[in-house]
Every structure is written in C-alpha cells, then in structure tokens.
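Summary of structural features
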Amino acid sequence: GQQVMQIPQYQHVQEGEDFTTYCNSSTTLSNIQWYKQRPGGHPVFLIQLVKSGEVKKQKRLTFQFGEAKKNSSLHITATQTTDVGTYFCGQGAQKLVFGQGTRLTINP
Amino acid sequence: DAGITQSPRHKVTETGTPVTLRCHQTENHRYMYWYRQDPGHGLRLIHYSYGVKDTDKGEVSDGYSVSRSKTEDFLLTLESATSSQTSVYFCAISVVGAPDTQYFGPGTRLTVL
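Residues numbered from 1 in each chain as written. Chains lettered and ligands numbered in written order. Predicted model: local features only at pLDDT ≥ 70, side-chain atom pairs only at ≥ 80, totals over all residues. Heavy atoms only, no water.

All names here are of chain A. As paired strands, strand 4 (residues 32–37) and strand 5 (residues 44–49) are joined by five bridges and run antiparallel to one another. In the sheet register, Ile32 faces strand 5, and the bridge partner there is Leu49. Taking the residues that link successive antiparallel strands as the turn, the strand 4-strand 5 hairpin has six residues, and the phi of Gly40 there is positive, at about 80°. (Pairing = 2+ DSSP bridges. Helix = DSSP H or I, 4+ residues; strand = E, 2+ residues; numbered from the N terminus.)

Structure representation (structure tokens):
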C-alpha cells in the first residue's frame, strides 16, 4: 500500500515560534488527513484535504496539499502550550495509512 | 468521541496467556478498526471490519485475530500474548458520509511480561 513519510520525528520550539510538519509520498495521494494526539490521549481528526493545491486554515493552523498531491504540510503560527502533542498525517479510504507522526514539545 | 469505548483500559498479562480487548460503539457505524501504536512506528492497522462477520487483515495482523458478531462490538484477541505485543491499542470507526475520517477510542495500554 501507499506509504507516507512524515518529518521531522520530533520538534522542540519556544512558545511563540512557528512549527511545521511535512508528509511526503512517492505516489499520488487521493486525500490526506491530519490528526492530533495529546500526550496520553487518542488521535483526534483535524482536517481532510482532497484537492490539488488545497489550503485550509483553522485559527493558527494552516494545512496544505501539494499541487502534485504527493505531499502535505501542517503549519502552526505562534505556538502555544496547548499545541503540544503528536501530529499525524494519514491517507487512504477505509484503510488509512498513517505517517510516523511528529512529536511537538514547547518550552513556555 | 463518536460513542466509542474500549475495555479494559489497562491490562498487564504474562507471556503465553490469551487476551481479548473489546471495542464498543453506540452509533451503528459500519467500519471499525484496530490499531497498535508504538514509539517510532505511529499507528499501524492490525485488522478492520466492514460489517458484521466481515473482517480483513491490516499490515501487522500476525498473532492477532478479531471477531464482530454484532455491529456495536469489535473484539481483538491475542491468542498467546508475547512481549512484542506490549503496546497501546486503539479502536476506531469511520463515519458514513466521510469514509476517510476516523474517530478513535480512548485506547488500551497492554503490557505483556
């Protein structure tokens, strides 16, 4: 099945700094979803992107789907301590394949 | 949370013993999934179900079996637990109308000694 590589694996930032995580695939993706998992919690759906070049925003979070539909990014502007957690991308239908996740820690 | 519960939430068992984890949902969703989560590996699909008595294997199904005799319950069984099966197990469902979107249960932390 299609694999998605997610980078970086870990990211530590100062509160107020920006953060970006990337998902990359060698093949065209039908869609991409993003999930957030708080420490000790379960993954929670954030958003789904379907169209080439699509950009969606949720407050300080910006999600992009590449023009070739082979990559996606999640960017957080001015991180806050509530952003701490692991961010996963996933792709597919019914059977999702997830990236390895990016764990974000923040120094207040 | 899409009405998903998992039981038990924590379990410690010994190598060689059988273990069954239960996922229960209250909203009649058709698709259900079992994942395991390990550091450095993200979420890996073990088995999934697309209806009562309809199940299929995921990428890490060896050593696991599942059953779904009712829409609301999806059981994951480790026939003979091994230490490599120490993990956090998540159940998930897909919502009809948004089949690519999954909602996860709270997880079961399993330790095999």
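Structure's up, so let's keep going.
Let's shift gears to the sheet that holds strand 8 (residues 71–76) of chain A. Strand pairs in the sheet, formed through backbone hydrogen bonds, run parallel or antiparallel to each other. Residues and elements named next belong to chain A. The five strands are arranged 1-3-8-7-6 in an open sheet whose pairing can be described as antiparallel. Strand pairing shows two members of the sheet lacking a second neighbour, strand 1 (5–7) and strand 6 (55–58), which therefore form its edges. For this sheet, the mean inter-axis angle between neighbouring strands, taken without regard to orientation, is 15°. Where strand 3 (residues 19–24) lies against strand 8, six bridges are found, and the strand directions are antiparallel. Note that in strand 8 the partner of Thr21 across the bridge is Leu74. (Axes fitted to C-alpha atoms, helices over the stretch in contact; angles between N-to-C directions.)

We now examine the environment of His10 of chain B. When you line up the elements, His10 of chain B lands in strand 2 (residues 10–13). Each C-alpha atom of the pair His10 of chain B and Leu43 of chain B lies 18 Å from the other, and the pair is 33 residues apart in sequence.

Before going further, it helps to examine the pattern of salt bridges. Counted by the stated rule, this structure contains six salt bridges over all chains. The shortest N-O distance in the salt bridge between Glu54 of chain A and Lys56 of chain A comes to 3.6 Å. Where Arg60 of chain A meets Asp83 of chain A, a salt bridge forms, and the shortest distance between an N and an O atom there is 2.8 Å. One end of the pair, Arg60 of chain A, is in the loop between strand 6 and strand 7 (61–65); the other, Asp83 of chain A, is in the loop between strand 8 and strand 9 (85–91), and 23 residues separate them in sequence. Given a relative accessible area of 4%, Asp83 of chain A falls into the buried group. Overlapping salt bridges, with partners in common, bring together Arg22, Lys70 and Asp73 of chain B in one network. (Salt bridge = Lys/Arg side-chain N within 4 Å of Asp/Glu carboxyl O. Buried < 20%, exposed > 50% of the residue type's maximum accessible area, 1.4 Å probe, protein only.)

Right, let's get into the nonpolar core. Of all hydrophobic cores here, the largest spans 20 residues; its most connected members are Cys23, Trp34, Ile46, Leu76, Leu78 and Tyr89 of chain B. Contributions of two or more residues to this core are made by strand 3 (19–25), strand 4 (31–38), strand 7 (64–70), strand 8 (73–78), strand 9 (87–95) and strand 11 (108–112) of chain B. Excluding residues that lie within four positions of it along the chain, Leu76 of chain B makes contacts with Val19, Thr20, Leu21, Trp34, Ile46, Tyr64, Ser65, Val66 and Tyr89 of chain B. Residues Val13, Ile76, Cys89 and Ile106 of chain A belong to the second largest nonpolar core, which totals 19 residues. (Core = buried A, V, L, I, M, F, W, Y, C linked by side-chain atoms within 4.5 Å. Contact = heavy atoms within 4.5 Å.)

Glancing now at the interface of chain A and chain B. Across the contact, 19 residues belong to chain A and 19 residues belong to chain B. Interface of chain A and chain B: buried area, both sides summed, is about 1,600 Å²; carbon and sulfur atoms make up 56% of it. When the area that chain A buries against chain B is broken down by residue, the three leading residues are Gln94, Lys95 and Phe98 of chain A, summing to 35%. Applying the counting rule to chain A against chain B returns zero salt bridges. One can count two residue pairs in polar contact (both at pLDDT 80 or more) joining chain A with chain B. Of all the secondary-structure elements, those providing two or more residues to the side of chain A that touches chain B are strand 4 and strand 5 of chain A. (Buried area = accessible area lost by both parts, 1.4 Å probe. Polar contact = N/O pair within 3.5 Å; in protein donor to acceptor, adjacent residues only side chain to side chain.)

Its location among the elements puts Phe90 of chain B in strand 9. Judged by its relative accessible area of 2%, Phe90 of chain B is buried.

A few words now on the pairing of strand 4 of chain A. Residue and element names in this part refer to chain A. Counting buried positions along strand 4 yields six of six residues, so the element is predominantly enclosed. Alternating positions in strand 4 separate into two faces, Ile32, Trp34 and Lys36 on one and Gln33, Tyr35 and Gln37 on the other, with burial throughout. Relative to strand 9, strand 4 is paired through five bridges, and the arrangement is antiparallel. Within strand 9, the residue paired with Lys36 across the bridge is Tyr87.

All names here are of chain B. With antiparallel pairing, four strands are arranged side by side in an open sheet as 1-3-8-7. This sheet does not close on itself; its edge strands, each paired only once, are strand 1 (4–7) and strand 7. This sheet shows a mean twist of 20° between the axes of neighbouring strands, independent of strand direction.

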